[in-house]
Amino acid sequence: MSADDKDKRTSGQIAVNESHETAADRHDRADDKRDDSRPIHQDDSIQSVSAQDTPTQSSPEPDASIEELTIEPRKPRKLPRWTFHSIIAVLVVALVAAGVGVWGYSHWRHIAVSVNGTEQQVRADTTLGKLAKDNRDFGAKPGRLISVSGKVLKSTGGEPVVYRVNGKKIASVDATKHKTSKENSKEATGVPANLNSVKLPENARISVKSGKDVVEKHDIQRTVVPFNVIINGHGVIQKLRQAGKDGSSEVWTGKISGERVNKGVVTQPQDVIVDTFSPKPASCKVVALTFDDGPSQYSGPILDILKEKGAKATFFDIGTGSAEYPQMEQRMVAEGHQVASHSNTHPDMKKLNAEQLRTDISQGLANIKTASGVTTKMLRAPYGNFGVDQWRYTSDLIDSNVIWTVDTQDWKKLGAPEISDAALSKAYNGAVILMHDGGGDRSQDIAALPGIIDGLRGQGYEFVTIDQLIAMNGK
Ligand code: NI
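Residues numbered from 1 in each chain as written. Predicted model: local features only at pLDDT ≥ 70, side-chain atom pairs only at ≥ 80, totals over all residues. Heavy atoms only, no water.

Peer 1: In this structure, what is going on with the pattern of salt bridges? I would like to understand it.
Peer 2: Pairing between side chains becomes possible if they bear opposite charge and their charged atoms approach one another. Per the counting criterion, the structure on display carries 14 salt bridges. A salt bridge links Arg109 to Glu202; the nearest nitrogen and oxygen atoms lie 3.6 Å apart. With Arg109 in the loop between helix H5 (81-108) and strand E1 (110-115) and Glu202 in the loop between helix H7 (181-188) and strand E7 (204-209), this residue pair connects regions lying 93 residues apart in the sequence. For Arg109, a relative accessible area of 29% puts it in the partly exposed group. You can call Glu202 partly exposed: its relative accessible area is 49%. Between Asp134 and Lys130 there is a salt bridge, with its nearest N and O atoms 2.8 Å apart. (Salt bridge = Lys/Arg side-chain N within 4 Å of Asp/Glu carboxyl O. Helix = DSSP H or I, 4+ residues; strand = E, 2+ residues; numbered from the N terminus. Buried < 20%, exposed > 50% of the residue type's maximum accessible area, 1.4 Å probe, protein only.)

Structure below.
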């Protein structure tokens with residue numbers, strides 16, 4: 001059954017259902033429907049059919065005779081032309097009204113913003129550029145271009161006015177770049193073009209700051225201002241408090257102005273400061289046993305005695321020895337002794353120039369690091385020769401220089417008893433005792449060491465490393 005047929009059939013059904021109405025009712029309804037512009041005869045034809053057939057309402061299917069009836073289809077209603085045009089007109093007016101409404105909402109609506117902490121109301125579609133222009137940058141000015149002597153070369157040309165919206169810096173035109181006259185005129189009003197693309201959110205917090213002045217491009221002639229070396233106090237330990245750094249003075253020559261200005265010292269030098277002291281703890285009696293010029297074949301027996309006696313010492317090693325006897329140096333570290341540097345080749349450091357000295361110290365420290373993994377910046381300069389110039393050349397390489405206070409004069413090889421006597425008779429609280437485990441035959445040191453340890457213990461001394469002794473300073 002086609003859709004048209006169904007329509008017809010439905011119309012027939014309506015006709016059946018209508019059959020219970022009186023003729024007068026039907027006539028009235030027909031009258032009512034005339035304003036639908038429907039031809040009256042169509043309803044009449046249906047009514048006439050209903051009057052003839054009168055099927056029962058309970059019939060599930062319309063009577064076949066109704067199906068066969070020809071019912072003239074309703075003609076589609078056609079809107080009068082003026083109605084169609086009216087609808088289009090209304091739609092157009094509605095769209096225009098909506099557009100005006102949207103624009104008006106964003107244009108006439110006001111939002112609150114704060115500028116440098118002061119609240120104000122602005123139209124919702126105000127850009128940062130317009131706000132800046134309307135308020136003449138809130139009094140902020142772009143930076144000026146100034147000469148090396150401080151004269152104003154150009155009222156603009158410095159950094160532009162800086163705006164921040166909710167903390168975010170708004171990129172502004174780089175005022176130091178070459179500008180067209182149009183850009184310059186914008187800059188003169190303090191409103192870089194890109195601010196116009198920044199819309200203001202509601203409750204925006206805006207800050208405005210003047211641009212910084214910019215000094216013209218210039219040549220710089222630098223002169224080094226050397227640092228000084230200050231060694232405070234006296235004592236066995238020299239400890240670096242501050243490394244040295246050169247300063248500089250500058251003369252500027254302006255590329256636009258041609259001015260030449262002496263700027264004086266622009267970077268202050270940082271002096272080497274060394275504190276010298278001799279720790280002497282109040283609460284206990286200590287001495288520091290120190291062994292120089294190793295590692296060597298004599299280091300092993302000395303380490304054996306220290307281990308047996310349970311005493312800790314400090315070994316100031318020569319870099320070349322560390323490279324030759326790395327296992328010995330590893331053992332020193334493993335058995336709790338302190339390892340520090342006694343140079344790389346045992347030179348008189350005061351006879352070296354800066355470069356030679358730096359090379360020797362650097363290599364000595366590096367050889368220790370390679371042999372035992374120990375990183376140390378502690379030095380004992382050979383012969384104790386280390387003065388102001390040596391500190392000046394190496395304050396970035398070392399952090400301490402350790403002398404001695406009790407010389408056992410083992411190097412004279414007068415015999416083990418003499419070495420032992422010197423140690424026991426000269427020892428005092430905080431003494432740094434000098435012995436050797438390398439640099440020649442050290443069998444007398446080996447022979448003397450047990451008696452030295454026992455004798456000092458008998459006098460009430462404890463044995464500490466140099467680091468431990470430094471830590472006791474002032475305590
Ligand atoms: Ni030495």
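Peer 1: Sorry if this is basic, but what is going on with the sheet that holds strand E8 (residues 214-215) here?
Peer 2: The pairing of strands in a sheet happens through backbone hydrogen bonds and is either parallel or antiparallel. Read from one edge of the open sheet, three strands run E4-E3-E8, paired in mixed fashion. Sheet topology places strand E4 (152-157) and E8 at the edges, where each strand pairs with a single neighbour. Bridge count between strand E3 (residues 144-146) and E4: three bridges; the pairing is antiparallel. Paired with Leu145 across the bridge in E4 is Lys154. (Pairing = 2+ DSSP bridges.)

Peer 1: Quick question: what am I supposed to make of the coordination of the nickel ion here?
Peer 2: Each pair of donors in an ideal four-coordinate tetrahedral metal site encloses 109.5 degrees, whereas pairs in an ideal six-coordinate octahedral site enclose 90 or 180 degrees. In the first shell of the nickel ion, the protein supplies Asp293 (OD), His342 (NE2) and His346 (NE2), at 2.1 to 2.2 Å from the metal. In terms of primary sequence, the donors binding the nickel ion are separated according to D-x48-H-x3-H. Of the two residues, Asp293 sits in strand E15 (residues 286-294) while His346 sits in the loop between strand E17 (338-341) and helix H11 (354-372), which places them 53 residues apart along the sequence. (Donors = N, O, S within 2.8 Å, 3.2 Å for Na, K, Ca; no water.)

Peer 1: Would you take a moment to explain the confidence of the model for the protein for this structure?
Peer 2: Reading predicted coordinates in detail is not appropriate for stretches of low pLDDT. For the protein, per-residue confidence averages 85 on the pLDDT scale, and 78% of positions sit at 70 or higher. Note that residues 1-22 has pLDDT below 50 and, in this model, 23 contacts with residues that lie over four places away or in other chains. The low-confidence segment residues 174-188, where pLDDT is below 50, has 18 contacts with residues more than four positions distant or belonging to other chains. (pLDDT = per-residue confidence, 0-100. Contact = heavy atoms within 4.5 Å.)

Peer 1: Mind showing me how you'd approach the side chain of His346 here?
Peer 2: Here the side chain of His346 touches Asp293 through a polar contact of 3.1 Å, side chain to side chain. Within polar-contact distance, the side chain of His346 engages the side chain of His342 at 3.0 Å. Residue contacts for His346: discarding those within four places in its chain leaves Asp293, Ile318, Pro382 and Tyr383. (Polar contact = N/O pair within 3.5 Å; in protein donor to acceptor, adjacent residues only side chain to side chain.)

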